[in-house]
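Letter by letter, the chains look like this.
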Amino acid sequence: MATIRQLRSKWQAVVRRRGHPQQSKTFDLKKDAERWARQQERLMDAGEWVDQTEAKRTSLGELLDRYGQEVSPSKRGSRSELIRISRFKELELAKYSAAAITAQMIAAWRDQRLKKVSSGTVLRELQLLGHIFTVAIREWGINLQGNPVSLVRKPSPGKPRDRVLTDAQRAALLHELTRCRNPWVKPVVIFALETAARRSEILALRWKNVDLLNATARLDVTKTDEPRTIPLSSTCVAMMKGLPETLDGRVFPVTIEALKQAYERAVARAGIKNFTFHDLRHDALTRLANLGLTVLELRAISGHTTANMLQRYVSISAAELAKKIA
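Residues numbered from 1 in each chain as written. Predicted model: local features only at pLDDT ≥ 70, side-chain atom pairs only at ≥ 80, totals over all residues. Heavy atoms only, no water.

### As for the overall build of the protein
Then, number 1: Looking only at helices and strands, the protein features 15 helices and six strands.
Then, number 2: Put simply, the protein has 326 residues, and 41% of those count as buried.
Then, number 3: A fraction of 61% describes how many contacts in the protein between residues 6 or more apart in sequence connect residues 24 or more apart.
Then, number 4: Accessible surface, the protein as shown: approximately 18900 Å² in total, 51% of it carbon and sulfur. (Helix = DSSP H or I, 4+ residues; strand = E, 2+ residues; numbered from the N terminus. Buried < 20%, exposed > 50% of the residue type's maximum accessible area, 1.4 Å probe, protein only. Contact = heavy atoms within 4.5 Å. Areas by Shrake-Rupley, 256 points an atom, 1.4 Å probe, with all protein chains shown as cover.)

### With respect to the pattern of salt bridges
Then, number 1: Summed over all chains, the structure comprises 22 salt bridges.
Then, number 2: The shortest N-O distance in the salt bridge between K95 and E92 comes to 3.3 Å. E92 matches K95 in its accessibility class, with the two residues each being exposed.
Then, number 3: We note a salt bridge from D111 to R110, for which the minimum N-O separation is 3.0 Å.
Then, number 4: With a relative accessible area of 35%, D111 lands in the partly exposed category.
Then, number 5: On the basis of relative accessible area, R110 is assigned to the buried category, the value being 6%.
Then, number 6: Each of D167, R170, D283 and R287 takes part in salt bridges that share partners, so that together they form one network. (Salt bridge = Lys/Arg side-chain N within 4 Å of Asp/Glu carboxyl O.)

### Details of helix α4 (residues 78–89)
Then, number 1: Taking 1.5 Å of rise per residue, 12 residues should cover 16 Å, and α4 covers 16 Å from first to last C-alpha, within 8% of that figure.
Then, number 2: Taken residue by residue, α4 has S78, E81, I85 and F88 as its buried positions. With its buried residues spanning 75° around the axis, α4 presents them on a single face.
Then, number 3: Contacts made by the buried residues of α4 are with α3 (60–70), α5 (103–114) and α6 (119–139). (Expected span 1.5 Å × (residues − 1). Arc of directions from axis to C-beta.)

### Observations regarding the packing of α4 against α6
Then, number 1: Orientation of α4 relative to α6, taken along the N-to-C sense of each, is 80°, at an axis distance of 11 Å. In terms of their interaxial angle, α4 and α6 are classed as roughly perpendicular. Seen from α4, the contacting residues are E81, R84, I85, R87 and F88; seen from α6, they are R124, E125, L128 and L129.
Then, number 2: Here the residues of the contact of α4 with α6 sort into four nonpolar, no polar and five charged. (Axes fitted to C-alpha atoms, helices over the stretch in contact; angles between N-to-C directions. Parallel < 35°, antiparallel > 145°, perpendicular 65-115°, else oblique. Nonpolar A, V, L, I, M, F, W, Y, C, P; charged D, E, K, R; others polar.)

### Things to note about the sheet that holds strand β4 (residues 210–211)
Then, number 1: Taken together, the three strands give an open sheet; going across it, the order is β4-β5-β6, and neighbouring strands pair in antiparallel fashion. Looking at strand neighbours, the two that pair on one side only are β4 and β6 (228–231), the edges of this open sheet. (Pairing = 2+ DSSP bridges.)

### Digging into the environment of P155
Then, number 1: Note on placement: P155 falls in the loop between α6 and α7 (167–177).
Then, number 2: Classification of P155 by relative accessible area gives buried; the value is 10%.
Then, number 3: It is 7.5 Å that separates the C-alpha atoms of P155 and G120, two residues lying 35 residues apart in sequence.
Then, number 4: In contact with P155, other than residues within four places in its own chain, are R110, L114, S119, V122, L123 and L126.

### Description of the pairing of strand β5 (residues 216–219)
Then, number 1: Here β5 shows a clear split, with A217 and L219 buried on one side and none of T216 and R218 buried on the other.
Then, number 2: Inspection of the sheet shows β5 paired to β6 by four bridges, in the antiparallel sense. Counterpart to A217 in the pairing with β6 is I230.

### A few points about α3
Then, number 1: Regarding α3, the residues found buried are L60, G61, L63, L64, Y67 and G68. Projection of α3 onto a plane perpendicular to its axis shows the buried side chains occupying an angular sector of 160°, all on one side.
Then, number 2: The inward-facing, buried residues of α3 contact α4 and α6.

### Details of the nonpolar core
Then, number 1: If you look at the biggest cluster of nonpolar residues, it comprises 40 residues, and the most contacted ones within it are L173, F191, L205, M240, F252, F277 and L280.
Then, number 2: Elements supplying a minimum of two residues to this core: α7, α8 (185–195), α9 (199–203), β5, α10 (234–241) and α11 (256–269).
Then, number 3: The element that contributes the greatest number of residues to this core is α8, accounting for seven residues.
Then, number 4: Counting residues in each nonpolar core, the second largest holds 29 residues, with L60, Y67, V71 and V152 among its members. (Core = buried A, V, L, I, M, F, W, Y, C linked by side-chain atoms within 4.5 Å.)

### Some words on the packing of α3 against α4
Then, number 1: Two elements in contact, α3 and α4, have axes separated by 10 Å at closest approach and are oriented at 165°. When the axis of α3 is compared with that of α4, the two are roughly antiparallel. In the crossing of α3 with α4, the sense of the turn from one axis to the other is left-handed. The segment α3 lies against α4, with L64, D65, Y67 and G68 engaging E81, L82, I85, F88 and K89.
Then, number 2: Partitioning the contact of α3 with α4 into residue classes produces five nonpolar, one polar and three charged. (Left-handed = near helix turned anticlockwise from the far one by under 90°.)

### Points about the sheet that holds strand β1 (residues 3–7)
Then, number 1: As summarised here, the arrangement of the three strands in space is β1-β2-β3, forming an open sheet in which the pairing is antiparallel. Taken across any chain shown, the strands that pair with only one partner, and hence form the sheet edges, are β1 and β3 (23–27). With direction set aside, neighbouring strand axes in the sheet form an average angle of 20°.
Then, number 2: As paired elements, strand β2 (residues 10–15) and β3 share five bridges and run antiparallel to each other. Note on β3: the bridge partner recorded for V14 is S24.
Then, number 3: Sitting on the sheet, helix α1 (residues 30–45) touches β1, β2 and β3, and the angle it makes with β2 is about 15°.

Listed below in structure tokens is the structure:
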């Protein structure tokens, strides 16, 4: 039996069970103390009790800090993930203990967030928050009854971007890129347009993995951690033959931030709206599909693990289909 004792104007419940650490909690009302004690005893007897001491004294903000220091740096997308973590730390939610955070609280944040950003952005943020709780539970000894994010309804990923350039827009963009102070920006964009490679894959490419004679390049750093060899078009080969070899062996020695800023300015000067660097991949795969490449060939180039994922990056033109039918 639990011990219920009065401490001045409060009531303290003390629970002792063999094989479990002593638990105690203070309440304003005696009936609340008795109710809590019975609940703890039932959980202990059923083998479902967990020690939430650490979870109660560790705030979500502290979990975010630890995740950002120990887990995020090992990811290739650490920069964008750390930005998301810093946004989470600004929330009132970050001040609560891990044990106090409920699915209802996260759902309320989700609904408010959906009023400001796309459903795809909210989905990625929920996935990150859910993984933080998972790591805390499995590896850091933060004992919770469960992951509160797993109980929250996730928004749909939204419609895939359907953004490709016209021939005139592509020419205008390449023209504006020649005006960039950084001489590496235009070659990077040409490589992206010709190969459909991701930005991170392009910037990690090294000369030792390039075979201009056979017009191929091996991408060792990929999103799926599966290296792949991609074909290089004659345009791409000609561009790369004009590049100097760098001291560190990289084909394109430019930082992500420098590339991002120069690219966005060139897009604006070209009068193109809503066209991100990642949209170059969409544009490239659409043009390759129009050349008649099969799904297997496109997947070998893009690195997509499934045809469904590939489909999100290829825009099928009804006009092009009409020509084939004719």
